[in-house]
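Spelled out from the first residue to the last, the chains are:
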Amino acid sequence: QVQLVESGGGLVQAGGSLRLSCAASGRTSSNYRMAWFRQAPGKERESVSISWNSGLAWYAASVKGRFTISRDNAKRTVTLQMNSLKPEDTAVYYCAAGTSSAGKFDYWGQGTQVTVSS
């Protein structure tokens, strides 16, 4: 089993920055695909960014150029640096881990709230 715990959420004004962290414990592997998702009120959960151990990263069009995903396999952490935040970035952000290189994610954190005020 893998446990994921997110931190770093909060309230920030539009244009500001936040840094989310995800700490993994349990039977983790540096080969896991790591990702950040978010879910805004009344909306479906959407993928924000995905990181592969190869160094490849993917970003949703809505956050590309503003968000950066990074991982530290030695510390078993994944971070999401969010800059130039917009009110539409307001959501609960979830960390996820996938044991395969594609497809569904197997483990999820409890989420951390990010609120961007206008």
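None of these values were measured; they are calculated from a predicted model. (Residues numbered from 1 in each chain as written. Predicted model: local features only at pLDDT ≥ 70, side-chain atom pairs only at ≥ 80, totals over all residues. Heavy atoms only, no water.)

Enquirer: Give me the nonpolar core: which residues, what numbers.
Expert: Formed by 28 residues in total, the largest nonpolar core has its most connected members in Leu-4, Trp-36, Phe-67, Leu-80, Met-82 and Tyr-93. The set of elements that each furnish at least two residues to this core consists of strand S1 (2–7), strand S3 (18–26), strand S4 (33–39), strand S7 (67–72), strand S8 (77–82), strand S9 (91–98) and strand S11 (112–117). The next biggest cluster of nonpolar side chains, apart from the first, holds six residues, and it includes Phe-37, Ile-50, Tyr-94 and Phe-105. (Core = buried A, V, L, I, M, F, W, Y, C linked by side-chain atoms within 4.5 Å. Buried < 20%, exposed > 50% of the residue type's maximum accessible area, 1.4 Å probe, protein only. Helix = DSSP H or I, 4+ residues; strand = E, 2+ residues; numbered from the N terminus.)

Enquirer: Break down the side chain of Thr-112 for me, with residues and values.
Expert: Inspection of the secondary structure puts Thr-112 in strand S11. A distance of 3.2 Å separates a polar atom in the side chain of Thr-112 from the backbone nitrogen of Gly-9. Setting aside its immediate chain neighbours within four residues, Thr-112 contacts Glu-6, Ser-7, Gly-8, Gly-9, Leu-20, Ala-91, Val-92 and Tyr-93. (Polar contact = N/O pair within 3.5 Å; in protein donor to acceptor, adjacent residues only side chain to side chain. Contact = heavy atoms within 4.5 Å.)

Enquirer: Can you lay out the environment of Asn-31 for me, pointing to particular residues and giving the numbers?
Expert: You can see Asn-31 is positioned in the loop between S3 and S4. Given a relative accessible area of 58%, Asn-31 falls into the exposed group. Between the C-alpha atoms of Asn-31 and Asn-53, which are 22 residues apart in sequence, the distance is 5.6 Å.

Enquirer: Give me the lowdown on the layout of surface pockets, citing residues and values where you can.
Expert: Here the largest pocket defines a volume of roughly 160 Å³. Going through the elements one at a time, S1, S7 and S8 are the ones with two or more residues in the lining of the largest pocket. In the lining of the largest pocket, the residues fall into seven nonpolar, five polar and three charged. (1 Å grid on protein atoms, 1.4 Å probe; cavity = no way out; pocket = protein on both sides within 12 Å on 5 of 7 lines; lining within 4 Å. Points joined across faces, edges and corners; volume = space filled by probe spheres on them. Nonpolar A, V, L, I, M, F, W, Y, C, P; charged D, E, K, R; others polar.)

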